[in-house]
Amino acid sequence: MSSIRDAANIIFNLVPNLNSQQDTEVVDLWTANGRILATPVNSPLDFPHWDNSAMDGYAVRYEDVQNSSAEQPVNLEIIAEIPAGYQPKSTLQPGQAARIFTGAVIPSGADTVVMQEKTRQEDNRVFVLTTPQPGEFVRRKASYYQAGTQLLPAGIKLNGAEIAVLAASQCSQVRVYRRVRVAIFSTGDELVTLDQALQPGQIVDSNQYALAALLRQIGVEPILLGIVNDNPVALEETITKAISYAGRNAIAYGGAQPIAHADIVISSGGVSVGDYDYVDKILASLGATIHIRSVEMRPGKPLTVATFPTPHSPIYFGLPGNPAAVLVTFWRFVQPVIKKLGGLAAGWEPVFLKVRSHDELRSDGKRETYIWGSLHLIDGLYEFHKAGGSHSSGNLINLAQTNALAVLPVGKTLISAGEDVLVLHLLV
Ligand SMILES: Nc1nc2c(c(=O)[nH]1)N[C@H]1C(S)=C(S)[C@@H](COP(=O)(O)OP(=O)(O)OC[C@H]3O[C@@H](n4cnc5c(N)ncnc54)[C@H](O)[C@@H]3O)O[C@H]1N2
Ligand code: MOO
Ligand SMILES: [Mg+2]
């Protein structure tokens with residue numbers, strides 16, 4: 001049985017780097033939200049593009065107003081009005097000012113802006129009621145970004161701020177990593193789809209719905225392979241299909257024939273020691289290397305992670321069948337793998353926060369224990385509240401509304417109410 005730390009190291013090191021040329025696509029900026037930038041972006045534009053005003057007011061020569069005050073205001077001749085979007089036509093001479101508005105180009109000769117509230121205008125003259133700082137309220141050309149240097153690095157997620165930066169630099173299309181392909185299926189003779197009448201002994205395959213939703217939450221459209229019976233032949237057929245899946249986004253590697261399989265295959269169930277738990281056996285018969293068979297964690301102990309002796313092998317996750325184990329192992333291992341595989345250079349690792357626990361938390365101390373619950377903001381600080389009801393890994397009912405998992409390491413049997421606890425933060 002691997003410790004969580006070892007398992008995490010082994011699993012995260014299995015993740016191949018997507019090829020920054022072949023595993024990419026060009027998308028329109030309007031649809032780039034949430035995608036990972038595949039190549040660094042430079043801009044030929046300076047930001048700001050030209051010296052411009054940060055205020056509505058008057059562009060002046062600092063020299064003219066350096067001793068101005070409310071008692072002894074300097075007054076200047078207003079020689080121009082410069083709204084945003086216009087090119088100034090004249091140069092300020094000593095004793096002159098230009099009426100200017102936020103975002104408008106600073107006229108030559110001027111070096112400082114006095115905000116309107118610190119002035120008084122009489123006809124074509126402005127009285128300056130303060131001494132500004134030299135250069136005040138001038139947004140200097142290239143002071144935010146110099147043309148030709150790196151604007152955005154590869155490997156970052158494009159959200160509102162990054163998309164604004166790209167739009168401002170007239171980047172209408174961007175090269176991003178292709179979406180990660182993930183195939184999922186469930187195993188178990190007891191499983192039926194949710195529209196089937198339940199016979200004694202049967203339950204609905206909720207894991208596939210859970211996994212599909214978790215994947216869509218991180219921008220992956222899952223390949224749904226359905227329910228597979230506890231039957232070695234059917235299982236082998238499905239696993240073979242999953243690892244050789246030729247999907248819509250077929251990609252050619254190294255100029256060879258297009259081979260497009262899932263990058264990741266996730267099954268749930270059939271990885272424990274029962275007579276009908278066939279997953280590991282089938283993986284072995286297909287020549288897979290099984291990197292992880294079980295992990296010192298609760299829930300989630302019988303976790304299988306494997307790869308196949310094929311170029312660009314998918315990573316196979318055989319998650320334990322219990323619904324809580326599926327969610328916990330997905331959040332702890334699978335989600336980071338998908339983010340890393342998807343090209344995210346940093347920030348793909350699980351995030352643990354130290355917060356106060358509202359409730360007493362207990363474990364037998366034998367395995368690292370993940371207790372589901374929610375974070376509540378109390379006076380600006382997060383507090384962990386344990387979900388009520390049974391924490392059996394077969395109970396999916398009280399998993400609803402979970403947004404954090406409290407972690408009790410091996411050997412830790414009790415966290416008293418009010419004590420600090422590390423929680424795995426689940427907000428994506
Ligand atoms: N002798 C032992 N038995 C078990 C051990 C052990 O160490 N020794 N480990 C237990 C733990 S911990 C877990 S977790 C489970 C994992 O079992 P499997 O991965 O083999 O999963 P199954 O046996 O197929 O199912 C377990 C449980 O989950 C339900 N299930 C399965 N698939 C779904 C689905 N798609 N949707 C909803 N629920 C599902 C299934 O009905 C079972 O109740 O093994 C323990 N046993
Ligand atoms: O690991 Mo199991 O998931 O404890 O129920
Ligand atoms: Mg089993």
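Read on for a plain summary of the structure. No experiment lies behind these values; they were computed from the predicted model shown. (Residues numbered from 1 in each chain as written. Chains lettered and ligands numbered in written order. Predicted model: local features only at pLDDT ≥ 70, side-chain atom pairs only at ≥ 80, totals over all residues. Heavy atoms only, no water.)

## Notes on the site of ligand 2
To keep it simple, the criterion reads: Proximity is defined per residue: any heavy atom of the residue falling within 4 Å of a molecule or strand makes that residue near it. Counted as a polar contact is a pair of N or O atoms within 3.5 Å, where, for protein atoms, one must be capable of donating a hydrogen and the other of accepting one, and residues adjacent in sequence contribute only when both atoms are in side chains. By the convention adopted, Pro, Cys, Tyr, Trp, Phe, Met, Ile, Leu, Val and Ala count as nonpolar, Lys, Arg, Asp and Glu as charged, and the other residues, Gly among them, as polar.
Residues in contact with ligand 2, as listed here, are Pro299, Gly300, Lys301, Pro302, Asn322, Ala325, Arg367 and Ser393. One of the backbone nitrogen or oxygen atoms of Gly300 is found 2.4 Å away from an oxygen atom of ligand 2. Here an oxygen atom of ligand 2 sits 3.1 Å away from a polar atom, N or O, in the side chain of Asn322. Counted by class, the shell around ligand 2 contains three nonpolar, three polar and two charged residues.

## Focus: the sheet that holds strand β6 (residues 96-100)
The condition is simple: Here, any two strands with at least 2 DSSP bridges between them count as paired. Secondary structure elements are taken from DSSP: a helix is a run of H or I of four residues or more, a strand is a run of E of two residues or more, and numbering for both begins at the N terminus. Whenever a helix is involved, its axis is fitted only over the stretch in contact; in every case the axis is a line through C-alpha atoms, and angles between N-to-C directions fall within 0 to 180 degrees.
What the six strands build is an open sheet, ordered β7-β4-β6-β5-β9-β8; its pairing is mixed. Either end of the sheet is taken by a strand with one partner, and the two such strands are β7 (112-115) and β8 (119-122). For this sheet the average axis-to-axis angle between neighbouring strands, irrespective of direction, equals 35°. Pairing analysis gives four bridges linking β8 to strand β9 (residues 125-128), with the strands arranged antiparallel. If you follow Gln121 over to β9, its bridge partner there is Val126.

## Observations regarding the nonpolar core
For the record, the criterion: Here, nonpolar core means buried Ala, Val, Leu, Ile, Met, Phe, Trp, Tyr and Cys residues that are tied together by side-chain atoms lying within 4.5 Å of each other. Think of it in three bands: residues with accessible area under 20% of the maximum for their type are buried, residues over 50% are exposed, and the middle band is partly exposed, with areas taken using a 1.4 Å probe on protein chains only. Whether two residues are in contact is decided by their heavy atoms, any of which lying within 4.5 Å being enough.
Grouped together as the largest cluster of nonpolar side chains are 50 residues, with contacts concentrated most on Ile11, Ile266, Phe317, Phe330, Phe333 and Ile338. Every element with two or more residues in this core is listed here: α1 (4-13), β13 (182-187), α4 (206-217), β17 (264-268), β21 (315-319), α7 (323-341), β24 (368-378) and β26 (404-408). The leading source of residues in this core is α7, at 11 residues. Sequence-distant contacts of Ile338, that is, excluding residues within four places in its chain, are made with Val180, Val182, Leu215, Ile218, Val220, Ile264 and Phe330. Counting 21 residues, the second-largest nonpolar core is a separate cluster that includes Ala183, Val265, Ile282 and Tyr316.

## A look at the side chain of Thr112
Of note, Thr112 is situated in strand β7. Relative accessible area serves as the criterion here: at 0%, Thr112 is assigned to the buried category. A distance of 2.8 Å separates a polar atom in the side chain of Thr112 from a polar atom in the side chain of Asp111. Beyond its immediate stretch of four places on either side in the chain, Thr112 contacts Tyr58, Ala59, Val60, Tyr62, Pro132, Gln133, Pro134, Gly135, Glu136 and Val138.

## Notes on the packing of aromatic side chains
This is how it is decided: When two rings of Phe, Tyr or Trp (its six-membered ring) have centres within 6.5 Å they constitute a pair, described as stacked for plane angles under 30 degrees, edge-to-face for angles over 60, and tilted for the intermediate range. In this scheme, the term charge over a ring applies when either NZ of a lysine or CZ of an arginine sits within 6 Å of the ring centre and within 35 degrees of the ring normal.
As enumerated under the stated definition, the model contains three aromatic pairs in all. Above the plane of the ring of Tyr58 lies Arg99, whose end atom (NZ or CZ) is 5.0 Å from the centre. In this arrangement the basic side chain of Arg120 is found over the ring face of Phe127, its NZ or CZ atom lying 4.7 Å from the centre.

## A word on the coordination of the magnesium ion (ligand 3)
Under the convention used in this document: Only nitrogen, oxygen and sulfur atoms count as donors, using a 2.8 Å cut-off from the metal that widens to 3.2 Å for Na, K and Ca. Water is left out, so coordination shells may look unfilled.
Around the magnesium ion (ligand 3), the protein contributes the donor atoms Asp277 (OD) and Asp277 (OD), which lie 2.4 to 2.6 Å from the metal centre. The residue Asp277 is located in the loop between β17 and α6 (279-285) in this model.

## With respect to α7
To keep things clear, this is the line we draw: Across the chain, bend at a residue is computed as the angle between axes fitted to the seven residues ending at that point and the seven starting from it.
Bending of α7 peaks at approximately 50° at the position of Phe330. The first or second residue beyond α7 is Gly343, which carries a positive phi of 105°.

## Topic: the site of ligand 1
Rule in force here: Computed by Shrake-Rupley with a 1.4 Å probe, the accessible areas treat only the displayed protein chains as cover when residues are assessed.
Neighbouring residues of ligand 1: 21 residues in total, closest Glu190, Asp205, Ser272, Lys301 and Gly321. Contact between ligand 1 and Gly270: an oxygen atom at 3.1 Å from a main-chain N or O atom of the residue. The separation between an oxygen atom of ligand 1 and a polar side-chain atom of Asp277 is 3.0 Å. A total of 870 Å² of accessible area belongs to ligand 1 in isolation, and the protein chains cover 70% of it. Elements that contribute at least two residues to the shell around ligand 1 include exactly β13, β15 (203-204) and α4. For the shell around ligand 1, the per-class residue count stands at seven nonpolar, 10 polar and four charged.

## Side note on unusual backbone geometry
Cis geometry marks the peptide bond from Phe47 to Pro48, where omega comes out at -15°. Relative to the assigned elements, Pro48 resides in the loop between β2 (41-42) and β3 (52-53). Following Arg298, the chain continues into Pro299 via a peptide bond in cis, with omega recorded as -10°. Note that Pro299 resides in the loop between β19 (297-298) and β20 (304-307). Positive phi, close to 65°, is recorded for Ala142, a residue that is not glycine. You can see Ala142 is positioned in the loop between β10 (138-139) and β11 (150-152). Its identity as a non-glycine residue notwithstanding, Gln170 has a phi of 60°, on the positive side. Position of Gln170 among the secondary structure elements: in the loop between α3 (160-168) and β12 (173-177).

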